[in-house]
Amino acid sequence: MSADALDRLVRVEIDEGRLTARLVIEPGCDPALLSDAALVAALDTRGVVRTPDAGPRLAALLAAQRAQPEQRHEAVVVEGRRPRHGVDGRVELVQPEASQPAPAPTDDAGRVDHRARSVFAAVRAGGVVARVLEPVAGEDGVDVLGRALAAREGRPCEVTLDESVERRPDGTIVALVDGILERGERLLRVLTRLVVERDVDYTTGHVEFPGDVVVEGGVRDCFRVEAAGDLEVRGSVEAATLSSGRDMRLRLGMAAREIGSLRCGRDLHAGHLSNAKATVTRDASVANEVTNCTLTVGRRFCSPHASVVGGSLLAAGECEVGQVGSEAGVATEVGTGMAPDLDALEARLREALPGLERRLEASRQKLEQLQRAVNKLTHAQAEELTELQFLVADDEKRLGAVQGAARRIAQVRARHASGALVVRVAAHRGARLRVGGWLIEVQRTLHGPFRIAPGERGEPTLTPM
């Protein structure tokens, strides 16, 4: 067989990326003329650089051709090495992504509480929220022709941090404030104000946030929104549970259906309230109706255009409303100088005081007996004396705290003892007006505006305005 014929029957195929060299032997090639040297020469002619494993592969291919010369044989005899590209540095979050809901909690019966599945990942100051991973270097490859294949180097991480987070020398990123973690393309920060751009419902779960919360939609039945700071809801609130550490603003209002409730740590402003149990620590105002609510206000209720119909409204300080009750004679109670929470606390203090005083007196008497016999005490009595000294000191501290609380309650009562009730439009039949400890039951409509305030002897005095 001529050299030209051998060249036609034996050829080397190199792939497009030059990462493999395949040797092909066509049928009809005389095994007697085909040798290992001929195959090597074919590779050398194409410029293929043989690797250590090329020899065994050529030998296997040659053996297969000699066994079956009438068939076509081929094999990859030389392989290049792909470049190993570097890995870019990146930020790896420790907290779950805000868009990834946590697993839904279950109750004791194993039922899933879907409302408790929150999509908002709150973080706390001092907590590690992310880690900066350094870039990994690349490694060049080589093709079957011996040429280098350049690897792409890993690039350092580019992330901007504001004053809400801090990068430590070990690469950890720590939150400096409470809030919600926000990650942009090249930005990482903690927001102290959470904006919920839709309703609070099954798509969000309950909302518990250590800062201010703004809900641009409403809050649906049986969902809970708790904000350590201010809370604003721009849509309608249904039979939900709301809580704020500071001010609360309900743009439209709340229809609680005797299920929902709210607790406001400072001032409340609402469009309307119906069938709700509400506690406000400081001041409250409602633009329209307060219907069938149990509303207690720690300082002042000022809503000159609001109608209070059904339920009760009790304010510790001055109370100003539009009208009380309705022409249908719905039982409605509005009062000033009233503080139910203080009343309950004062009652508990009154119950606790006698027991504390008796316990302290008994401990003091026993302590005096042991102190008079201090030179004759046994070891056990000496230990009892030491224990009694601690017990008396602890009881004195407890009694002082209770007495101090009672004094503070008396001071609060004194500040609000002269609180006035102002009715701008009317108090209808069936209304009960309380001023301090006095009760006025309205038998026929009292048209306003009028003001009821304690007189010189503390009795309520009605004055037209």
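Quick caveat: nothing in here was measured; it's all calculated off a predicted structure.

Rules of the game
- Residues numbered from 1 in each chain as written.
- Predicted model: local features only at pLDDT ≥ 70, side-chain atom pairs only at ≥ 80, totals over all residues.
- Heavy atoms only, no water.
- Helix = DSSP H or I, 4+ residues; strand = E, 2+ residues; numbered from the N terminus.
- Contact = heavy atoms within 4.5 Å.
- Pairing = 2+ DSSP bridges.
- pLDDT = per-residue confidence, 0-100.
- Axes fitted to C-alpha atoms, helices over the stretch in contact; angles between N-to-C directions.
- Buried < 20%, exposed > 50% of the residue type's maximum accessible area, 1.4 Å probe, protein only.
- Core = buried A, V, L, I, M, F, W, Y, C linked by side-chain atoms within 4.5 Å.
- Salt bridge = Lys/Arg side-chain N within 4 Å of Asp/Glu carboxyl O.

**Comments concerning the overall build of the protein chain**
From N to C terminus, the protein chain includes five helices and 37 strands. Relative to all contacts within the protein chain whose residues are 6 or more apart in sequence, the contacts with residues 24 or more apart total 40%.

**Notes on the sheet that holds strand β12 (residues 179-183)**
With respect to topology, four strands assemble into an open sheet ordered β5-β12-β13-β9, the strand pairing being mixed. Looking along the sheet, the strands with just one partner apiece sit at the ends: β5 (122-123) and β9 (160-161). Where β9 lies against strand β13 (residues 187-191), two bridges are found, and the strand directions are parallel. In the strand pairing of β13, T160 is matched with L187.

**Overview of the confidence of the model for the protein chain**
Confidence along the protein chain averages 86 in pLDDT terms, with 89% of residues attaining 70 or more. Here residues 96-102 is a poorly scored stretch, pLDDT under 50, and it has eleven contacts once near neighbours within four places are set aside; other chains count.

**Some points on the pairing of strand β1 (residues 10-14)**
Bridge analysis of β1 against strand β2 (residues 20-25) gives five bridges, and the strand direction is antiparallel. Across the sheet, residue I14 finds its bridge partner in β2, namely A21. Linking β1 to β2, which pair antiparallel, is a turn of five residues; within it R18 sits at a positive phi near 60 degrees.

**Concerning unusual backbone geometry**
Backbone torsion omega between G448 and P449 reads 5 degrees, so that peptide bond is classified as cis. In this structure, P449 sits in the loop between β35 (446-447) and β36 (450-454).

**Details of the sheet that holds strand β11 (residues 172-175)**
As summarised here, the arrangement of the four strands in space is β4-β6-β11-β10, forming an open sheet in which the pairing is antiparallel. The open sheet has two edge strands, β4 (90-93) and β10 (165-167), and neither has a second partner. Averaged over neighbouring strand pairs, the angle between their axes works out to 25 degrees when direction is ignored. Alignment of strand β6 (residues 128-133) against β11, held across three bridges, turns out to be antiparallel. Its bridge partner being in β11, R131 is matched across the sheet by T172.

**Quick notes on the pairing of strand β14 (residues 193-196)**
Burial of β14 is one-sided: the residues L194 and V196 facing one way are buried, the residues R193 and V195 facing the other way are not. One ladder, built from four bridges, connects β14 with strand β16 (residues 212-215); its direction is parallel. Of the residues in β16, the one forming a bridge with V195 is V214.

**Notes on helix α2 (residues 36-45)**
Along α2, the residues that are buried comprise A38, L39, V40, A42 and L43. G47 occupies a position one or two residues after α2 and carries a positive phi of about 80 degrees.

**Structural notes on the nonpolar core**
Counting 53 residues, the largest nonpolar core has L250, L262, L273 and F301 as the members making the most contacts within it. The residues touching F301, leaving out its near neighbours within four places in the chain, are A284, V286, V290, L295, L313, A315, E318, C319, E320 and V321. Ranked by size, the runner-up nonpolar core spans 20 residues in total, among them L9, V10, L58 and L61.

**Points about the environment of V425**
Inspection of the secondary structure puts V425 in strand β32 (residues 421-427). We classify V425 as partly exposed; its relative accessible area is 47%. Remark: the alpha-carbon pair of V425 and G448, spanning 23 residues in sequence, is separated by 4.6 Å. Once you skip the residues sitting within four places of it in the chain, V425 turns out to touch G322, Q323, L446, H447 and G448.

**Examining the pattern of salt bridges**
Once their charged atoms are close, side chains differing in charge can pair, the charge on each being opposite to the other. In this structure the tally under the stated criterion is 35 salt bridges. In this structure, E74 and R22 form a salt bridge, with 3.0 Å as the shortest nitrogen-oxygen distance. One end of the pair, E74, is in strand β3 (residues 73-79); the other, R22, is in strand β2, with 52 residues separating them in the sequence. Assessed through its relative accessible area of 37%, E74 is described here as partly exposed. A relative accessible area of 29% places R22 in the partly exposed class. Note that R155 is salt-bridged to D88, the shortest N-O span being 2.8 Å. Placement of R155 in the loop between β8 (148-149) and β9 and of D88 in the loop between β3 and β4 is noted, with a sequence separation of 67 residues between them.

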